[in-house]
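Residue-level structural notes
This is what each chain is made of:
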Amino acid sequence: MTNRWRLRISCLVAIVAAASLVAAQIPGNPPGNPADNARAGGFGGTMIPNNPTTTTAPAPAVGGLSENFAGNWRNPNDPSANIRASTAQPLRPAANASPLGAAGLPIHAPAALPKRPIAKITNGNGTLPNDRGQVWREYDITPFTSRPTTSSRPEQAIVEWIIRETGYETWHSEPLGVLSADHKTLKVYHTPQIQEIVSEIVDRFVNPDPETQAFGIRVLTVGNPNWRTTAMRLLHPIPAQTQGVQAWLLSKEDAALLASELRKRNDVREHSAPQTLVYNGQTGTVANLRQRNYIRSIILHPESWPGFEPEMAQLQEGFSIELHPLLSIDQQTTDAILKCNIDQIEKMIPVSLDVPTAVNPRQKQQIEVPQQSCTRLHEKFRWPTEQILLISLGV
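Not measured: the values here are computed from a predicted model.

**A short note on the pairing of strand β5 (residues 214-222)**
Within a regular strand, side chains alternate between the sheet's two faces. Across the nine residues that make up β5, a large majority, eight, are buried. Pairing geometry for β5 and strand β9 (residues 277-279), over three bridges, is antiparallel. In the sheet register, Phe215 faces β9, and the bridge partner there is Val278. Note: β5 against strand β8 (residues 268-270), three bridges, orientation antiparallel. Among the inter-strand pairings, Val222 is bridged to a residue of β8, identified as Val268.

**Regarding the sheet that holds strand β10 (residues 284-300)**
Pairing is antiparallel in the open sheet, where four strands are placed in the order β10-β11-β12-β13. Only two strands of the sheet have a single partner each, and these edge strands are β10 and β13 (364-384). The mean inter-strand angle of the sheet, taken between neighbouring strand axes irrespective of direction, is 15°.

**Focus on the environment of Val222**
Within the secondary structure layout, Val222 lies in strand β5. Between the C-alpha atom of Val222 and that of Arg265, which follows or precedes it by 43 residues, the distance is 8.5 Å.

**Re the packing of aromatic side chains**
A full pass over the atoms with the stated rule returns four aromatic pairs. An angle of 80° between the planes, with centres 6.5 Å apart, marks the rings of Trp161 and Phe205 as edge-to-face. One end of the pair, Trp161, is in helix α5 (residues 155-166); the other, Phe205, is in helix α6 (residues 192-206), and 44 residues separate them in sequence. Of the residues examined, Trp161 reaches a relative accessible area of 0% and is grouped as buried. Members of the aromatic cluster, joined through ring pairs, are Phe144, Trp161 and Phe205.

**A word on α5**
Over its twelve residues, α5 extends 17 Å from the first C-alpha to the last, a length consistent with the 16 Å expected when each residue adds 1.5 Å. For α5, the full list of buried residues reads Glu155, Ala157, Ile158, Val159, Trp161, Ile162 and Thr166. Here the buried face of α5 lies against α4 (142-145), β3 (178-181), β4 (185-190), α6, β11 (308-327) and β12 (333-354). Two residues or fewer after α5 comes Gly167, characterised by a positive phi angle close to 100°.

**Examining the side chain of Thr334**
Here Thr334 is to be found in strand β12. A distance of 3.2 Å separates a polar atom in the side chain of Thr334 from a polar atom in the side chain of Thr385. Setting aside residues no more than four positions away along its own chain, Thr334 makes contact with Phe215, Pro325, Leu326, Leu327, Phe381, Arg382, Trp383 and Thr385.

**Comments concerning unusual backbone geometry**
That bond from Glu174 to Pro175 is cis: its omega, -5°, falls within 30 degrees of zero. Note that Pro175 resides in the loop between α5 and β3. The amide bond that connects Trp305 to the next residue, Pro306, takes the cis arrangement and shows omega of 5°. Despite not being glycine, Gln331 shows a phi value in the positive range, around 65°. Tracing the backbone shows Gln331 in the loop between β11 and β12.

Conventions adopted
Numbering of residues begins from 1 in every chain and follows the order in which that chain's sequence is written. Totals for whole chains, interfaces and linings use every residue, but because this is a predicted model, local features are given only for residues with pLDDT of at least 70 and side-chain atom pairs only at 80 or more, for both listing and counting. Hydrogens and water molecules were not included; the side-chain quantities draw on all heavy atoms of the structure. Here's how the labels work: a residue is buried when its accessible area is under 20% of the maximum for its type, exposed when over 50%, partly exposed in between, all with a 1.4 Å probe on protein chains only. Starting at the N terminus, helices and strands are each numbered in turn, a helix being any DSSP run of H or I of at least four residues and a strand any DSSP run of E of at least two. Note on pairing: two strands pair once DSSP finds at least 2 bridges between them. Lines are fitted to the C-alpha atoms to define the axes, a helix being fitted only along its stretch in contact, and any angle between axes, read from their N-to-C directions, falls within 0 to 180 degrees. A pair of Phe, Tyr and Trp rings is counted when the ring centres sit within 6.5 Å of each other, with Trp represented by its six-membered ring. The angle between the planes then sorts it: under 30 degrees is stacked, over 60 is edge-to-face, the rest tilted. Helix span, expected: 1.5 Å multiplied by one less than the number of residues in the helix. Only heavy atoms enter the contact rule, under which two residues are in contact if any of them lie within 4.5 Å. Any pair of nitrogen or oxygen atoms within 3.5 Å is treated as a polar contact; in protein, a donor-acceptor pairing is required on top of that, and neighbouring residues in sequence qualify only through side-chain atoms on both sides.

Here it is as structure tokens:
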């Protein structure tokens, strides 16, 4: 293999329920005065009469004009007074003066109207409808949320699992349902049938027996899928819904034998630590991602040389696998939600853009367009706790 790791190889994920762990734990200058601006804008259209023959008494100062400004045009026989009036700068009006329009009249801004909704809204009758016999239940989830965890909101795991098991529409259609949780209490309002499902899920989370039970996860890539030639007799297939994905069960003894055979191959690489553990009811992630920079486009700047600048972007290449296991009450079976995202850059296709300038009319700039391959897996698996789940994500 080259130094650059490629994901175009067979990817295997193995999940195993580890022995009960007794001691292992996860530690958990300021803007101008708006009033001044309003007052200043009122004088934009004020006109000063300029008739040296008129004998009409001067009008009082408008909008709080100063006596000096008004006095410049009190003497109609002095032409220089008219010049001074046209060039004089008015003082600010009083703080409570209204701005003036072109006709010298105050301008009053319309009061902001309250937003009126289009939909008809009522307060209801103040009670929750129970046309389907809905009942209110509150579940104490502190036995689970008080355990050491890396999550700041462990109660969210219970909410997400309930939605998976009951369906999204159950809580967002008829009949009315309520599902809410904080660090101490899960609040549910729904039919007795749904409450029974919720109760069973909550019991699986708060059950103290599997508190120290953990699951190990190992991620390997194999350069050639011919590893199945010798391993097929050890594998017992189980259904998988995602296209191109296969899943098998095998005993712990057979899993150890398969791992020993894979370690002898030169095209096998392990991407997870051997002691990667995920505790019951919690979420564990194994990821191997790296950033790749490339020139996505150009930004034109014709006013400066060279007339453009490259627009940089980033791509993430690699994989991320998220596991969320949950033991049954009797600890005989395990349900697990497995989410896997794989992104690989096949190649970068170069494109040459014309960026002509007066200095260099044939100037060009090369950008890159990524050609990618992506794999997405989001599926639930169930298997006996005493066996190993092996998943192949294809090539």
